[in-house]
Amino acid sequence: MTALIDIELELITRATSRFPQAVVRDELDNKLLNELPTIQVQQVPGGGYDGLRLARFLVDIDVYAATRAAAIDLARGVHDWATRELRGSASATAVIGRVAALSLPAPRPYENTALRRVGATYEIYCHPVS
């Protein structure tokens, strides 16, 4: 059995129930200003696979909100969730082991000045449920 899972879908599903006040998605669309706050989960190139069961994913998690303070506050909540609650957790499809922040939540540039973006990059080790 391969260790590769859809990490974006896994995290979106979990974050949707954990952050009901936010829209959680992988891609942004033209309705972003009407759907704040938004949490965007995107797997980035990199990571690895041990050849047996364990995969290492790199994931960017960006938060979009109407103000910088709101974006920072939600990004802090997402960071705590990722590094504390996800570690050692399991769903019907995946077991998540080690989670680490490769870059801490920080403001990131965004073209639309009507909202603010704060993001971080996480390293997530996981494997499918047996």
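Here we summarise the structure given alongside this text. Computed from a predicted model, the values in this text were never measured in an experiment.

1. Looking at the pattern of salt bridges
(1) Moving on: Within the structure shown, the criterion is met by 10 salt bridges.
(2) Moving on: Glu123 is paired through a salt bridge with Arg56; the nearest N and O atoms lie 2.5 Å apart. Of this pair, Glu123 sits in strand β5 (residues 116-128) while Arg56 sits in strand β3 (residues 55-65), and the two are 67 residues apart along the sequence.
(3) Moving on: Exposure remark for Arg56: the relative accessible area of 26% places this residue in the partly exposed category.
(4) Moving on: Where Asp62 meets Arg117, a salt bridge forms, and the shortest distance between an N and an O atom there is 3.0 Å. Separated by 55 residues along the polypeptide, Asp62 in strand β3 and Arg117 in strand β5 bring together distant segments of the chain.
(5) Moving on: For Asp62, a relative accessible area of 2% corresponds to the buried category.

2. Things to note about the side chain of Thr83
(1) Moving on: In this fold, Thr83 is placed in helix α2 (residues 68-85).
(2) Moving on: Of the residues examined, Thr83 reaches a relative accessible area of 14% and is grouped as buried.
(3) Moving on: In this structure, Thr83 is in contact with Val99, Ala101 and Tyr122, ignoring residues within four places of it in sequence.

3. A word on unusual backbone geometry
(1) Moving on: For the peptide bond that leads from Leu36 to Pro37, omega is -5°, which places it in the cis range.
(2) Moving on: Along the chain, Pro37 turns up in the loop between β1 (23-25) and β2 (38-49).

4. Concerning the nonpolar core
(1) Moving on: If you look at the biggest cluster of nonpolar residues, it comprises 31 residues, and the most contacted ones within it are Leu11 and Ile39.
(2) Moving on: At the level of elements, α1 (7-18), β2, β3, α2, β4 (94-108) and β5 are the ones that each hand at least two residues to this core.
(3) Moving on: Among all residues touching Leu11, those that are not within four sequence positions of it are Val41, Val59, Trp81, Leu86, Ile96 and Ile124.

5. Section: the sheet that holds β1
(1) Moving on: Across the sheet, 5 strands lie side by side as β1-β2-β3-β5-β4; this open sheet has mixed pairing. Two strands close off the open sheet at either side, each with one partner strand: β1 and β4. Adjacent strand axes in the sheet meet at a mean angle of 20° when their direction is disregarded.
(2) Moving on: In the sheet, β3 pairs with β5 via 11 bridges, with the strands oriented antiparallel. Bridged to Arg56 within β5 is Tyr125.

Definitions and cut-offs
Residues numbered from 1 in each chain as written. Predicted model: local features only at pLDDT ≥ 70, side-chain atom pairs only at ≥ 80, totals over all residues. Heavy atoms only, no water. Salt bridge = Lys/Arg side-chain N within 4 Å of Asp/Glu carboxyl O. Helix = DSSP H or I, 4+ residues; strand = E, 2+ residues; numbered from the N terminus. Buried < 20%, exposed > 50% of the residue type's maximum accessible area, 1.4 Å probe, protein only. Contact = heavy atoms within 4.5 Å. Core = buried A, V, L, I, M, F, W, Y, C linked by side-chain atoms within 4.5 Å. Pairing = 2+ DSSP bridges. Axes fitted to C-alpha atoms, helices over the stretch in contact; angles between N-to-C directions.

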